[in-house]
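Structural overview for review
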Amino acid sequence: MTSVLRSHPLQSNKRRLEAESTSTKKQKRLHAELRLEIPPLKFPSTHCSTDDDPLFTPASSGETSSRADSLFGEETAFSTGRTDNPPYKETIASASRTAPPIPGFFFNPAVEVSYDIGARVLAQCMETYFQKPDVNQIMLFGRAPSPGTPESTPASTSFPPILNELLTSLSNDLREYLPPATYDLLFPASPRRARQAIINLYHPGEGISSHVDLLGRFGDGIIGVSFGSGCVMQFDRVHTEVESQGEPSVDHTHVDATTTCNADPTEDRYDLYLPERSVIVLSGESRYKWTHGIARRADDVVGTETLHRGTRMSITFRWLLPGAEIVGDTVGPAI
Ligand SMILES: O=C(O)CCC(=O)C(=O)O
Ligand SMILES: [Fe+2]
């Protein structure tokens, strides 16, 4: 069975706050320590949301949300519907089409999900999960396969078939590009953990605030795929010391020299254009020492071009750490 969290961001915050009120002080401190979120450095008016799970709000909302689990504990305004942005026009940094030199980060423009699979994933997810205008995020939880069982056999998975098809194609396409240790981390011969798939929908103008995916809930090795539209993702180096829980299990210091730009590897910030059907992998340093986020704006500048964003859906696959709870409360239709 597929566990689905139909998550409105504000409902999720409420759920989290309720859970928090019953937790001990120690748990609270731990929770805060495990969540790292860095406010964007350059565009304070345009970063958009706060929580790792529901990092953004629908365009129509003008709400603010307190960060129950932020290290900073500050309030952040978000959503595209707000009218309190400063009246100046931001300067949009020009993004690259080649991977930044961040150790453990993978992006190669040659690796893209096929048109056929991309179209079917997008159509089925839109039809199944995103019919209501206030839903912009869905979480699906797989099961840890029994020992010796391949992940995608029907008996050992709870993802809908289309996501298994996507995973299979990703595992085929990425094999020749990734260092073996990274490939094995993402597609182990005998997986022992359950995957989570988070599906995010962004209308033009929406984004996701810069964050490191929850250290206490997700392991190393994250795959992100874009559907429907491209967008620029920004990466910021984390300077804060974080708790060591969830540190990488494998040394992913590899930087793909054939596809990275000639960017200065000491930069603290990179902007990368993720085309429709492109794939990124975060492991090691890129997963733990860098934030990723998407600015809340309708246009991106890529090289010298200005590209208007369309509606974008992303699917992010992450490994659930042992003990990470499934927070879904309903069972969704299989697609
Ligand atoms: O939309 C994306 O590509 C990023 C999503 C993400 O970072 C997240 O859900 O943690
Ligand atoms: Fe993320």
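Residues numbered from 1 in each chain as written. Chains lettered and ligands numbered in written order. Predicted model: local features only at pLDDT ≥ 70, side-chain atom pairs only at ≥ 80, totals over all residues. Heavy atoms only, no water.

If you check an unreviewed UniProt entry, the protein appears there as Fe2OG dioxygenase domain-containing protein from Pleurotus ostreatus.

Some points on the coordination of the iron ion (ligand 2)
Heads up, the rule is: For Na, K and Ca the donor cutoff is 3.2 Å, while for all other metals N, O and S atoms count as donors only within 2.8 Å; water does not appear among the atoms, so some sites may look incomplete. Where helices and strands are cited, they refer to DSSP runs of H or I of at least four residues and of E of at least two residues respectively, numbered from the N terminus. Accessible area is worked out with a 1.4 Å probe on protein chains only. A residue is then buried under 20% of its type maximum, exposed over 50%, and partly exposed in between.
Protein coordination of the iron ion (ligand 2) is provided by His211 (NE2), Asp213 (OD) and His292 (NE2), with donor distances spanning 2.1 Å. Along the chain, the residues donating to the iron ion (ligand 2) are arranged with the sequence spacing H-x1-D-x78-H. Of the two residues, His211 sits in strand S8 (residues 208–211) while His292 sits in strand S13 (residues 290–294), which places them 81 residues apart along the sequence. Here His211 matches His292 in class, with each residue buried.

Let's talk about helix H4 (residues 161–175)
The cut-off we apply is this: Take the number of residues in a helix, subtract one, and multiply by 1.5 Å to get its expected span.
Given a rise of 1.5 Å per residue, 15 residues ought to cover 21 Å, and the 21 Å separating the end C-alpha atoms of H4 matches this to within 8%. Buried residues of H4: Ile162, Leu163, Asn164, Leu166, Leu167, Ser169, Leu170, Ser171 and Leu174, and no others.

Let's talk about the sheet that holds strand S15 (residues 305–308)
What counts, and what does not: A strand pair is defined by DSSP finding two or more bridges across the two strands.
Strand order in this open sheet of three strands is S4-S14-S15, and the pairing throughout is mixed. For this open sheet the edge positions go to strand S4 (94–95) and S15, each flanked by a neighbour on one side alone.

Quick notes on the environment of Ser96
Worth spelling out the cut-off: Polar contacts here mean pairs of N or O atoms no more than 3.5 Å apart (in protein, one a potential hydrogen donor and the other a potential acceptor; neighbouring residues in sequence count only if both atoms are side-chain atoms).
Take Ser96: it is sitting in the loop between S4 and strand S5 (105–112). Residue classification places Ser96 among the partly exposed residues on the basis of a relative accessible area of 21%. For the pair Ser96 and Asp271, spaced 175 residues apart in sequence, the C-alpha separation works out to 6.2 Å. Within the structure, Ser96 has its side chain in polar contact with the backbone nitrogen of Thr98 (distance 2.9 Å).

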